[in-house]
Amino acid sequence: MGIFGRSNTATTAATPTAATTVDPALAALTGTYTIDPAHSGIGFTARHAMVTNVRGAFAEYEGTLELNGTDPAASSASIDVTIASVDTGSADRDGHLRSADFFDAEQFPLMTFRSTRAEALGGTDYRITGDLTIKGVTRPITIDLEFNGAAKDPFGNERVGFEGKAELLRSDWGLTWNAALETGGVLVSDKIKLTFEISAIKNAG
């Protein structure tokens, strides 16, 4: 079952039947979905001191998915993340991340994502491209997604689920603070790995 439109750089003629036939199961997913933070997660991993990984997550965020089953390429996603909710398991480290050395959460309280393109890669694999804004800097980012399916939960909510991953260089968004190590290298890696676990509930109406 496809959710997002397949990338197609060539224009081909389609028969009237092919142009108008829509998978009923896909069409039924059309609507606006609200991300459920209680069953979702946005995490990141950075290399620390060149030898180990530090993992963290953002506890507060909200977002929507606009799924269009009859015109999948019209689907979109948006999310707003509260920077001050960053949690790496260390109060001192979290405070440093919120400071002007890194995110400057007081001046730039939100990190935002707005999709600009979606494409199907085959099977349940998809790719979403969009604008990621951190600390007032907006740059494109590509997220690889796996569609986990759709289901109605015991409370009658219609849900869809996705898993995603992406990589970025934090310096591209002006997050350049670092410290040199006596043995060579730096304290915090430039490359950051992002992970997404998304469960979204279809809005009534």
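Since the structure is predicted, the reported quantities are computational estimates derived from the model, not experimental observations. (Residues numbered from 1 in each chain as written. Predicted model: local features only at pLDDT ≥ 70, side-chain atom pairs only at ≥ 80, totals over all residues. Heavy atoms only, no water.)

A.B. asks: Give me the lowdown on a positive patch on the surface, citing residues and values where you can.
C.D. replies: Taken together, the side chains of Arg-47, Arg-55, Lys-191 and Lys-193 present a region of like positive charge at the surface. Its place among the elements puts Lys-193 in strand β11 (residues 188-202). (Patch = residues over 30% accessible without salt bridge, like charges linked within 9 Å, V, L, I, M, F, W, Y side chains within 5 Å. Areas by Shrake-Rupley, 256 points an atom, 1.4 Å probe, with all protein chains shown as cover. Salt bridge = Lys/Arg side-chain N within 4 Å of Asp/Glu carboxyl O. Lys, Arg positive; Asp, Glu negative; His and termini not counted. Charge placed at Lys NZ, Arg CZ, Asp CG, Glu CD. Helix = DSSP H or I, 4+ residues; strand = E, 2+ residues; numbered from the N terminus.)

A.B. asks: Outline a nonpolar patch on the surface, listing residues and values.
C.D. replies: On the surface, Met-50, Val-51 and Val-186 cluster together into a nonpolar patch covering about 270 Å² of accessible area. Owing to a relative accessible area of 68%, Val-51 belongs among the exposed residues under this scheme. (Buried < 20%, exposed > 50% of the residue type's maximum accessible area, 1.4 Å probe, protein only.)

A.B. asks: Mind laying out the pairing of strand β10 (residues 158-169), listing which residues take part and the relevant values?
C.D. replies: Pairing of strand β9 (residues 137-152) with β10 involves eight bridges; the strand directions are antiparallel. Bridge assignment links Phe-147 to a residue of β10, and that residue is Phe-162. What sits between the antiparallel neighbours β9 and β10 is a turn of five residues, in which Gly-156 has the positive phi angle 85°. Two strands pair when backbone bridges link them, and β10 and β11 are joined in this way by eleven bridges, in the antiparallel orientation. Within the sheet, the bridge partner assigned to Glu-163 lies in β11 and is Glu-197. (Pairing = 2+ DSSP bridges.)

A.B. asks: Describe the pattern of salt bridges, listing the residues and the values that go with them.
C.D. replies: When the charged atoms of two side chains with opposite charge come close together, those side chains can pair. Scanning the entire structure with this criterion turns up four salt bridges. One salt bridge connects Asp-144 with Arg-127, and the closest N-O pair in it is separated by 2.7 Å. Of this pair, Asp-144 sits in strand β9 while Arg-127 is found in strand β8 (residues 125-134), placing the two residues 17 residues apart along the sequence. Residues Asp-153 and Arg-159 are paired through a salt bridge, measuring 2.8 Å at the closest nitrogen-oxygen approach. Each member of the pair Asp-153 and Arg-159 is classed as buried.

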